[in-house]
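Residues per chain are reported as follows:
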Amino acid sequence: MDRVALRGLKARGYHGVFPEERAQGQIFVVDLVLGLDTRPAAADDDLAKTVHYGIVAEEVVAVVEGDPVNLIETLAERIAQACLKHEGVHEVEVTVHKPDAPITVPFDDVTVTITRSRV
């Protein structure tokens with residue numbers, strides 16, 4: 001299976017379990033690796049035969065900016081399901097970064113990574 005990756009998609013979301021996270025929001029960063037067969041698109045040089053990653057990026061940002069959830073695990077699942085709606089995408093790996101998580105000790109990042117595929 002071939003891979004198309006999008007790294008560092010950024011959007012403001014209002015996800016989290018604490019009231020201040022819901023009120024103030026924060027930037028979330030999303031990395032995606034889409035598993036698909038790119039051979040038909042490459043053979044015909046045809047965008048219609050692959051995944052349009054610009055559209056996927058817009059949809060992922062809309063999920064992050066959309067309805068708030070408590071957990072980034074839930075957010076990652078919603079993103080994965082949006083990606084799998086694209087006909088050519090057979091598998092997706094989603095990493096959600098929450099670099100401004102409310103943690104009281106110094107840290108660089110908090111991430112959740114999930115892999116989902118068509119069943």
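Note: the structure precedes this text.
Structure report, in brief.

Quick notes on the rules
Residues numbered from 1 in each chain as written. Predicted model: local features only at pLDDT ≥ 70, side-chain atom pairs only at ≥ 80, totals over all residues. Heavy atoms only, no water. Helix = DSSP H or I, 4+ residues; strand = E, 2+ residues; numbered from the N terminus. Buried < 20%, exposed > 50% of the residue type's maximum accessible area, 1.4 Å probe, protein only. Pairing = 2+ DSSP bridges. Polar contact = N/O pair within 3.5 Å; in protein donor to acceptor, adjacent residues only side chain to side chain. Contact = heavy atoms within 4.5 Å.

**So, unusual backbone geometry**
So, step 1. One non-glycine residue, aspartate 45, lies in the positive phi region at around 50°.
So, step 2. Relative to the elements of secondary structure, aspartate 45 occurs in the loop between α2 (39-44) and α3 (53-65).
So, step 3. Note on aspartate 45: relative accessible area 75%, which makes it exposed.

**A few points about the pairing of strand β2 (residues 26-36)**
So, step 1. The buried fraction of β2 amounts to ten of the eleven residues, a majority that puts the element mostly inside the structure.
So, step 2. Summarising the sheet, β2 and strand β3 (residues 91-97) pair through seven bridges and their orientation is antiparallel. Residue aspartate 31 lies in a different strand from β3, and its bridge partner there is threonine 95.

**Some details on the side chain of glutamine 26**
So, step 1. Tracing the backbone through its elements, the reader meets glutamine 26 in strand β2.
So, step 2. Taking relative accessible area as the criterion, glutamine 26 reaches 7% and is therefore assigned buried.
So, step 3. Among the polar contacts listed, one links the side chain of glutamine 26 to the side chain of glutamate 21, at a separation of 3.2 Å.
So, step 4. Not counting chain neighbours up to four residues away, the residues in contact with glutamine 26 comprise Ala11, Arg12, Gly13, His15, Glu21, Lys98, Asp100 and Ala101.

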